[in-house]
Each structure stands twice: as structure tokens, then as C-alpha cells.
Amino acid sequence: MFKPAELKGILFSNEQIVEKAKELGAQITKDFADKDLVLVGILRGSVPWMAELMKHIELDITIDFISCSSYGSAKQTSGTVQILKGLSSSVEGKTVLIVEDVIDSGLTLKYLQEYFADKGADEVKICALVDKPSGRRVEMEGDYIGFVTGDHYLIGFGLDDNQKYRQLPYIGYVEV
């Protein structure tokens, strides 16, 4: 298995991630059984997590993607959220579950909660693979959280370092 030279350690194995997806998928199935649910993945980091998670949601769902950024190529947020690619379909009257790789500053997710509410979503919830509360710049919480971690610079399973290492089947960390 490929391991980058910069890798300092593995925090969450592929097996742990799959088990967490099963657990959260079952909870989402239960919580949204009577809802018109659309999973909205935030490109690009959410792709592996969303693909794993939706295998374990036993509902008739739709999926869509949005691309936005508050980081650009930097390692810290600029504080300004930009929508780079909008949705392909309407969320009006639907329940939106935003699927994200990591909640860090919270700026992007807070912005998207308001954005989808303004687009007529009935409710907006958040499912993140990883939560890093130490990085918060706004007050917000995820609704479905895979793992909580400290202030590591994470790579793998969608998380990147300047667009590299998203393909790793685990979540590790590097020094910055």
C-alpha cells in the first residue's frame, strides 16, 4: 500500500472508516425514512466518504455535488466562501444532507446551510467524516460525525495536501 514519505501516522484505518459509514448510514436511514433526501457532496474531498456512506443508507435518495472553497491552494482558510460549481437540480422542498470530508473552520458549512435554506430546502443537516473542533472560526456543529480529532493536518480518504493523497484508503497526518 502506498504511504507518502511525509506521512507521520495513521489516525483512522480503512476498516474503521467503513464501520463508521455503516453506523452512520443506519442512523441516517432511520432518521430520514419519511423524507425526500438529497445527499450533497462538497467537491472534491467528500467523494470517497460519500461513496462509502451512501452504500449504507437504505433509502431512495438522490445525490448532487457542489464545489466551493474558502482555502484555494492555501493550508488555512481565507474566510471568504466562493461557490465554484452549483447544484444540478433544485433542493426546494427537500431535506439536504451535506456530506463533507472535514469540519474545520466551519465557514464553508455555515455558509452552505444558509445557502440551501435560501434555495428552499426543508431542512439542512451535515454529515462529516472528521470533525476538528480546534479549528472553528464560527459556531456550528455537525449532525453526523465520523471521528473527532485534534489539530492535525490530515490526508487520505478525500483529504488532501495541495490536491495530493486523496486516494489513500485511510486518514493519516503530515507535519506542516
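Throughout what follows, the structure given in this document is the object of discussion. As the structure is a computational prediction, the values presented were derived from the model and not from experiment.

### Comments concerning the overall build of the protein chain
Assigned secondary structure in the protein chain consists of 3 helices and 9 strands. Reading the protein chain from its N end, one meets helices and strands in the order β-α-β-α-β-β-β-α-β-β-β-β. In terms of C-alpha radius of gyration, the protein chain reaches 15 Å, essentially the compact-globule figure of 16 Å for 176 residues. Its C-alpha atoms put the protein chain at 45 × 35 × 25 Å along the principal axes. Out of the 176 residues belonging to the protein chain, those deemed buried represent 49%. Taking the intrachain contacts of the protein chain between residues at least 6 apart in sequence as the baseline, contacts between residues at least 24 apart amount to 67%. Entry remark: accessible area of the protein chain is about 8,800 Å², with carbon and sulfur atoms responsible for 47%.

### Some details on helix H1 (residues 14–31)
Taking 1.5 Å of rise per residue, 18 residues should cover 26 Å, and H1 covers 25 Å from first to last C-alpha, within 8% of that figure. For H1, every residue scored as buried is listed here: Ile17, Val18, Lys20, Ala21, Leu24, Gly25, Ile28 and Thr29. The arc that holds the buried residues of H1, viewed along the axis, is 165 degrees, so those residues lie on one side. Counted as exposed and oriented over 90 degrees from the buried face of H1: Glu15 and Lys30.

### Observations regarding the packing of aromatic side chains
What describes a pair of aromatic rings is the distance from one ring centre to the other and the angle between the planes of the rings. Applying the stated criterion across every chain, the model contains 4 aromatic pairs. Both rings, one in phenylalanine 12 and one in phenylalanine 147, keep their centres 4.1 Å apart while their planes meet at 20 degrees; by these two values the pair is stacked. Of this pair, phenylalanine 12 sits in strand S1 (residues 7–12) while phenylalanine 147 sits in strand S7 (residues 144–148); the two residues are 135 residues apart in sequence, bridging distant segments of the chain. Under the relative-accessibility criterion, phenylalanine 12 is labelled buried at 11%. Ring plane angle 70 degrees and centroid distance 5.4 Å describe the contact between tyrosine 115 and phenylalanine 116, whose orientation is recorded as edge-to-face. Classification of phenylalanine 116 as buried rests on a relative accessible area of 0%.

What counts and what doesn't
Residues numbered from 1 in each chain as written. Predicted model: local features only at pLDDT ≥ 70, side-chain atom pairs only at ≥ 80, totals over all residues. Heavy atoms only, no water. Helix = DSSP H or I, 4+ residues; strand = E, 2+ residues; numbered from the N terminus. Rg over C-alpha atoms; globule rule 2.2 N^0.38 Å. Buried < 20%, exposed > 50% of the residue type's maximum accessible area, 1.4 Å probe, protein only. Contact = heavy atoms within 4.5 Å. Areas by Shrake-Rupley, 256 points an atom, 1.4 Å probe, with all protein chains shown as cover. Expected span 1.5 Å × (residues − 1). Arc of directions from axis to C-beta. Phe/Tyr/Trp six-rings, centres within 6.5 Å; stacked < 30°, edge-to-face > 60°.

Limitation: the analysis is restricted to geometry and does not speak to function.
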